[in-house]
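Geometric and topological summary
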Amino acid sequence: MTPIPTIAQSNAILGFEGPEKKLEIRFTPVKGDSVGLRSYSQCEWQEVLNSVNCTIISATVNDHFSSYVLSESSLFVYPYQILLKTCGTTTLLLAIPGIEKLAKAIGATIELITFARKSLNFPERQLYPHNSFDDEVAYLNKYFNENGHKHGNGHTLGNPTEKDQWFLYVADFRQPERVSSASQQVFEVMMHDLDPVVMQHFYHKEGVTAKQTTINSGISTLLKDSVIDDFQFEPCGYSMNGLRDEHYWTIHITPEPHCSYVSFETNKPFASYSYLLHKVLNVFNPGRATITVVADAGAPCGNPADTFNPHSMGKYTVRSHTLQEISSHAYVAACNIVRNPTPPA
């Protein structure tokens, strides 16, 4: 009888699903409680993550938020905001009931929920409710209906004839004054077909620490003056969370050539991301990438489509560039690029 391969063995043969699913929930602050969700312990957050099928590897905190590196990506907890990002075959959306239970216990209510992911490499291997974007939207809408909320809206950005699309669901219950007082923006670069030479940094090597990998690869130069919590997986893979005052940045890497993937994300509010984007592309040298900026009305970047110039990236060609209103309070810009062929010698 042929033995059934383990999940790790299957990933090695078929490839690991690097592209993450991402859930962000913002809550209405409770008057007089400045700690909010940060009052919960690591063990209590792990209970929530058990429904997602991932575990906390390490934790770092500062005066503004708590950061957790996970076995599959990252969790960031602010007093009244949470960002959970998981890769592989994790069941991200199943965390919502647990998160809302913790929020209700401190008297906080949801004012904004966003769910996002790009097109997956191996969608047929996903578990419910992540079998398709239609299923994800149906699950989210069903959940909010059952809890007395309005429906949100699903959006698909990118050319449907291309392999790289970006899916976004938004349910926005904020009042205008809350948007103007707490405007945010998020910049993300999702990269495929990575340079094999660069990816060699992210295979486990005896005697090479995660900190050395962070420095040797150039990651440490991307946003300086940060506290970095990094982790090198065996036999390969890498994750890091960066804390820079009240802002996070995070990178996750799957280096195997048949499924290579790197994600970079930050909520640091630059007026322009062009310089940071060039730095990210230079460090990782992807064959193709999806770039997104999600911004509230009144965010420092203004129109998210103006935060970077996709036509000034030298060795890359723009395949699609979209700006879309995703609620009455927020917009998203998304762009797909591909590296130009190397001219013959």
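Small disclaimer: the values here were computed from a predicted structure and weren't measured. (Residues numbered from 1 in each chain as written. Predicted model: local features only at pLDDT ≥ 70, side-chain atom pairs only at ≥ 80, totals over all residues. Heavy atoms only, no water.)

**Describing the pattern of salt bridges**
Counted by the stated rule, this structure contains 12 salt bridges. With a shortest N-O distance of 2.9 Å, Arg26 and Glu24 are connected by a salt bridge. Taken individually, Arg26 and Glu24 each receive the classification buried, so the pair is uniform in this respect. Taking the shortest distance from any N to any O, the salt bridge between Asp296 and Arg174 comes out at 3.3 Å. Of this pair, Asp296 sits in strand β14 (residues 288-296) while Arg174 is found in the loop between β8 (166-172) and α5 (176-181), placing the two residues 122 residues apart along the sequence. Of the two residues examined, Asp296 and Arg174, each falls in the buried class. When salt bridges that share partners are traced, they join Glu24, Arg26, Asp172, Arg174 and Asp296 into one network. (Salt bridge = Lys/Arg side-chain N within 4 Å of Asp/Glu carboxyl O. Buried < 20%, exposed > 50% of the residue type's maximum accessible area, 1.4 Å probe, protein only. Helix = DSSP H or I, 4+ residues; strand = E, 2+ residues; numbered from the N terminus.)

**Things to note about the nonpolar core**
Counting 39 residues, the largest nonpolar core has Phe27, Trp45, Leu75 and Ile99 as the members making the most contacts within it. For this core, the element with the most residues is helix α4 (residues 133-146), which contributes six residues. The residues contacting Ile99, other than those within four sequence positions of it, are Leu23, Ile25, Phe27, Trp45, Val48 and Ile82. If you look at the next biggest cluster of nonpolar residues, it comprises 32 residues, including Val198, Val262, Leu277 and Ile291. (Core = buried A, V, L, I, M, F, W, Y, C linked by side-chain atoms within 4.5 Å. Contact = heavy atoms within 4.5 Å.)

**Overview of the packing of aromatic side chains**
This structure, assessed with the given rule, holds 13 aromatic pairs. When the ring of Phe76 is compared with that of Tyr248, the centres are 4.5 Å apart and the planes differ by 20 degrees; the resulting orientation is stacked. Of the two residues, Phe76 sits in strand β4 (residues 73-78) while Tyr248 sits in strand β12 (residues 247-254), which places them 172 residues apart along the sequence. Both residues of the pair, Phe76 and Tyr248, belong to the buried class. Residues Phe270 and Tyr273 carry aromatic rings whose centres are separated by 5.8 Å and whose planes lie at 85 degrees to one another, so their mutual orientation is edge-to-face. Judged by its relative accessible area of 26%, Phe270 falls in the partly exposed class. Through a chain of ring-to-ring contacts, the aromatic side chains of Phe187, Trp249, Phe264, Phe270 and Tyr273 assemble into a single cluster. Arg125 extends its terminal NZ or CZ atom over the ring of Phe122, reaching a point 4.9 Å from the ring centre. (Phe/Tyr/Trp six-rings, centres within 6.5 Å; stacked < 30°, edge-to-face > 60°. Lys NZ or Arg CZ within 6 Å of the ring centre and 35° of its normal.)

**Overview of the sheet that holds strand β13 (residues 261-266)**
One open sheet accounts for eight strands, arranged β10-β11-β12-β13-β9-β14-β16-β15; its pairing is antiparallel. In this open sheet, the two strands that pair with only one neighbour each are β10 (227-232) and β15 (316-327). Direction aside, neighbouring strands of the sheet carry axes that sit 10 degrees apart on average. Sheet analysis places strand β9 (residues 185-192) next to β14, joined by eight bridges and oriented antiparallel. From the neighbouring strand, Met191 faces β14, where its bridge partner is Ala289. Taken strand by strand, helix α8 (residues 274-284) contacts β9, β12, β13, β14, β15 and β16 (330-339), and its axis lies near 25 degrees from that of β9. (Pairing = 2+ DSSP bridges. Axes fitted to C-alpha atoms, helices over the stretch in contact; angles between N-to-C directions.)

The values are spatial; any link to function lies outside them.
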